[in-house]
Amino acid sequence: MDSNQFLYETLNAVSSMGFLKKEIPDVVAQNLNPKYELRPYQIEAFARFFHCYKNEFPDKTYPLHFLFNMATGSGKTLIMAGLILYLYEQGYRNFLFFVNSTNIIEKTKDNFLNPASIKYLFNQDINIGNRRVRVSPVENFEGVNPSDINICFTTIQKLHADLTTEKENAITFEDFRKHKVVLLADEAHHINVKTKAQTALFESWENTVERIFTQTDVLNRVALAGQP
């Protein structure tokens with residue numbers, strides 16, 4: 001990789017030369033809701049993530065941090081659902097999903113947890129490694145089922161408050177010291193703007209995430225962010 005290039009420029013070159021594998025792993029293809037046919041640019045986004053995750057290159061640093069810069073309505077949340085499935089197969093069980101508003105959180109929960117929802121993202125049955133896997137909402141990562149996909153849904157405001165003030169059953173920095181966690185930030189541009197506008201109240205979301213990253217082995221951290 002040319003150290004003077006941005007990652008997306010390198011990936012553009014790799015893709016244009018036909019070196020980017022576009023196969024979607026079965027764990028993703030078979031466990032997403034079959035009514036959603038993946039569009040070419042979504043397949044491209046998956047392929048770029050898989051390429052970066054699996055391959056070593058000179059400027060690759062840990063913890064891994066990816067930004068999906070995609071238009072509103074282009075299916076970023078579906079990509080995040082697919083990456084949850086992929087990372088589950090890689091050994092991750094705990095996922096922290098945070099956005100900038102409670103309203104978005106409630107809609108997101110429906111998409112991830114309610115099979116009756118018209119926007120449900122997963123297949124009715126999720127099967128990974130010849131066994132059925134559940135998606136479970138959690139408040140923190142203590143005592144969770146190690147066979148489930150455990151997702152903590154929160155806002156950046158609540159996450160910051162929970163991490164800086166001791167509360168019963170709230171997520172703490174200890175969760176990140178003890179467990180492998182994938183961080184997912186949706187609508188990241190809104191989060192950034194809002195936190196910068198309220199710096200007197202709390203740090204920016206980037207600083208909060210950076211503090212989480214420093215809690216334990218950085219190889220156990222993957223951050224995924226989406227913005228239009």
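Residues numbered from 1 in each chain as written. Predicted model: local features only at pLDDT ≥ 70, side-chain atom pairs only at ≥ 80, totals over all residues. Heavy atoms only, no water.

Caption draft 1: Quick look at the overall build of the protein chain. Tallying secondary structure elements over the protein chain gives nine helices and eight strands in all. Taken over 228 residues, the protein chain has a buried fraction of 49%. Considering only residue pairs separated by 6 or more positions, the protein chain has 73% of its internal contacts joining residues 24 or more positions apart. For the protein chain, the accessible area works out to roughly 11,600 Å², and carbon and sulfur atoms hold 50% of it. (Helix = DSSP H or I, 4+ residues; strand = E, 2+ residues; numbered from the N terminus. Buried < 20%, exposed > 50% of the residue type's maximum accessible area, 1.4 Å probe, protein only. Contact = heavy atoms within 4.5 Å. Areas by Shrake-Rupley, 256 points an atom, 1.4 Å probe, with all protein chains shown as cover.)

Caption draft 2: How the structure looks around the nonpolar core. If you look at the biggest cluster of nonpolar residues, it comprises 43 residues, and the most contacted ones within it are Phe49, Phe95, Phe112, Ile149 and Ile151. Counting residues per element, this core draws most heavily on helix α4 (residues 76-89), at 10 residues. In this structure Phe112 touches Thr77, Ala81, Ile84, Phe97, Tyr120, Leu121, Phe122, Val135, Ile151 and Phe153, once residues within four positions along its chain are discounted. Listed in part, the 17 residues of the second largest apolar core include Ile171, Val181, Leu183 and Ile212. (Core = buried A, V, L, I, M, F, W, Y, C linked by side-chain atoms within 4.5 Å.)

Caption draft 3: Structural context of the environment of Glu106. Note on placement: Glu106 falls in helix α5 (residues 102-113). Overall, the relative accessible area of 44% leaves Glu106 in the partly exposed class. Each C-alpha atom, one on Glu106 and one on Thr154, is 9.5 Å from the other, the two residues being 48 residues apart in sequence.

Caption draft 4: Expanded view of the pairing of strand β2 (residues 94-99). In terms of burial, β2 is a largely internal element, six of the six residues being buried. Here β2 shows no split at all, with Asn94, Leu96 and Phe98 on one side and Phe95, Phe97 and Val99 on the other all buried. For β2 and strand β6 (residues 149-155), the ladder comprises six bridges, and the chain directions are parallel. Each residue of the ladder has a partner; that of Phe97, found in β6, is Phe153. The pairing of β2 with strand β7 (residues 181-185) spans five bridges and is parallel. If you follow Phe95 over to β7, its bridge partner there is Val182. (Pairing = 2+ DSSP bridges.)

Caption draft 5: Region of interest: helix α6 (residues 156-164). Those residues of α6 that sit buried are Ile156, Leu159, His160, Asp162 and Leu163. The arc that holds the buried residues of α6, viewed along the axis, is 165 degrees, so those residues lie on one side. (Arc of directions from axis to C-beta.)

Caption draft 6: Quick look at the pairing of β7. In terms of burial, β7 is a largely internal element, five of the five residues being buried. Residue alternation in β7 divides its side chains into two sets, Val181, Leu183 and Ala185 and Val182 and Leu184, and both sets are buried.

Caption draft 7: Spotlight on the confidence of the model for the protein chain. On average, residues of the protein chain carry a pLDDT of 82, and 83% of them reach 70 or more. This stretch, residues 189-195, has a pLDDT under 50; its non-local contacts, to residues over four places away or in other chains, come to 19 contacts. When the criterion is pLDDT under 50, residues 217-221 qualifies, and its contacts beyond four places in sequence or with other chains add up to 19 contacts. (pLDDT = per-residue confidence, 0-100.)

Caption draft 8: Highlighting the environment of Leu183. Looking at where Leu183 falls in the secondary structure, it is placed in strand β7. A relative accessible area of 2% means that Leu183 is categorised as buried. Considering only alpha carbons, one finds Leu183 and Leu96, 87 residues apart in sequence, at a separation of 4.8 Å.

Caption draft 9: Geometry of the packing of aromatic side chains. This structure, assessed with the given rule, holds 12 aromatic pairs. An angle of 90 degrees between the planes, with centres 6.2 Å apart, marks the rings of Phe49 and Tyr86 as edge-to-face. Here the residue Phe49 occupies a position in helix α3 (residues 40-54), and Tyr86 occupies one in helix α4, the gap between them amounting to 37 residues. With relative accessibility at 5%, the residue Tyr86 sits in the buried group. Here Tyr120 and Phe122 contribute two aromatic rings whose centre-to-centre distance is 6.1 Å and whose plane-to-plane angle is 75 degrees, an arrangement assigned as edge-to-face. Accessibility expressed as a relative area gives 0% for Phe122, which makes it buried. Seen from the ring of Tyr88, Arg93 lies directly overhead, with NZ or CZ sitting 3.8 Å from the centre. Residue placement shows Lys180 over the ring face of Tyr92; its charged tip is 4.4 Å from the ring centre. (Phe/Tyr/Trp six-rings, centres within 6.5 Å; stacked < 30°, edge-to-face > 60°. Lys NZ or Arg CZ within 6 Å of the ring centre and 35° of its normal.)

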